[in-house]
Amino acid sequence: CALPISPDEAEQKSSLGGVYKLSAWSPWSINYIPFNFTNPTSGPIFSKLYFRQAMQYLVDQRQLVDSTFLGYANPTYGPVPVADSSQFVDPEEQKDPYPYSPTAAQSLLQANGWTVNTNGVSICSTPGVSTGDCGAGIKQGQPASFTLEFASGSPAVTQEMHQIASDFALAGIQVKLVSTTFDVVVGSAEPCTPGTACSWELAYWDNPWIYAPDYYPTGDQLWACMGSGSAVLYAGSNVGGYCDPQAESDIASTESSDSIQAMTVYENYMARALPAIWIPVEDYALAEINKALKGASPLDPLLEIYPEEWRWS
């Protein structure tokens, strides 16, 4: 509800509204919480698509956009930004492949060997690799309990992380939040190397990925893996060690084909494969632009300004 304002304040707001136009500055970005697929304990759980799907069903992106960011954000549904229309965004990625549904999340876990404890901690009750089992590497009684480190400093992000953790709990997925500095988060978020300490499970550094200066939204830097076994190498920003042969093939096709269809196949597969937890992208800034200043809008999604194009009218 709106708070009452004085006539003087109303006049001032009206006056300012007549001079300036408020423009939300949406970047050419996606946003996500990476899984650590290489963590020896939680990695086997994250590697199961059904578990990642259950977690994504518990992220209410529309509610986060509307309530946490007051509408000044855009959802992430896959590896291609959807804030602005472009030739790269396929219609399938413009809608949420995993709309918020605690019931769907609970059903997925129950169908794959988990005893769901709403607002508690779900456990693997049927280990094994057969249909209906938890899957390879998941032990009897292993809890769905993880630590999420996130960068401190933003009240909106803190609210967002607490909301996400609260929604995860609806399917008994316990997420213990640890607020720390940006440097600590990015310093620990890298693929585990055998023989070295590596305990992170989920991380968020509050810095969406922007496709600039690599404007083409393929996934070579984010999701590519090279080699196999102990010799596996990951692309520079593949902090969670995601490695999927189909993704590898699709990424290669986006970089060797002249057809936009290659990008469509890639983005639709990745949107559903969930290499990370998709979350909203907060607008970069809110710009008040004098209505007499021409050439300043639309705002560049690559976050550049072009004063040479500005003129008074």
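As shown above, the structure is provided for reference.
So, a few notes on the structure that sits alongside this text. (Residues numbered from 1 in each chain as written. Predicted model: local features only at pLDDT ≥ 70, side-chain atom pairs only at ≥ 80, totals over all residues. Heavy atoms only, no water.)

## Some details on the packing of helix H9 (residues 245-256) against helix H10 (residues 260-273)
Here's step 1: At a minimum axis separation of 8 Å, H9 and H10 run at an interaxial angle of 150°. On the basis of the axis angle, H9 is roughly antiparallel to H10. Helix-helix and strand crossings are classified by hand; for H9 and H10 the assignment is left-handed. Facing H9, whose interface residues are Gln 246, Ala 247, Asp 250, Ile 251, Ser 253 and Thr 254, H10 presents Ala 262, Met 263, Val 265, Tyr 266, Tyr 269 and Met 270. (Axes fitted to C-alpha atoms, helices over the stretch in contact; angles between N-to-C directions. Helix = DSSP H or I, 4+ residues; strand = E, 2+ residues; numbered from the N terminus. Parallel < 35°, antiparallel > 145°, perpendicular 65-115°, else oblique. Left-handed = near helix turned anticlockwise from the far one by under 90°. Contact = heavy atoms within 4.5 Å.)

## Details of the packing of aromatic side chains
Here's step 1: Inspection of every chain in the model, using the stated rule, returns 17 aromatic pairs.
Here's step 2: Centre to centre, the rings of Phe 35 and Phe 46 are 5.0 Å apart; their planes meet at 45°, and the pair counts as tilted. Note that Phe 35 is positioned in the loop between strand E3 (32-34) and helix H2 (43-46) and Phe 46 in helix H2, a separation of 11 residues in sequence. Here the two residues Phe 35 and Phe 46 agree in accessibility, since each one is buried.
Here's step 3: Ring geometry for Phe 46 versus Phe 146: centroids 4.8 Å apart, planes at 40°, classification tilted. Placement of Phe 46 in helix H2 and of Phe 146 in strand E7 (residues 145-151) is noted, with a sequence separation of 100 residues between them. For the pair shown, Phe 46 and Phe 146 are each scored as buried. (Phe/Tyr/Trp six-rings, centres within 6.5 Å; stacked < 30°, edge-to-face > 60°. Buried < 20%, exposed > 50% of the residue type's maximum accessible area, 1.4 Å probe, protein only.)

## Thoughts on helix H4 (residues 61-68)
Structurally, the α-helix is built with 3.6 residues per turn, so residues lying three or four positions apart point the same way.
Here's step 1: Buried residues of H4: Gln 61, Leu 64, Val 65 and Thr 68, and no others. Buried residues along H4 cover an arc of 110° about the axis, so they all sit on one side.
Here's step 2: Residues of H4 that are buried sit in contact with helix H3 (49-57), strand E4 (73-74), helix H6 (155-168) and strand E13 (276-278).
Here's step 3: A positive backbone phi angle near 55° is found at Leu 70, which sits one or two residues after H4. (Arc of directions from axis to C-beta.)

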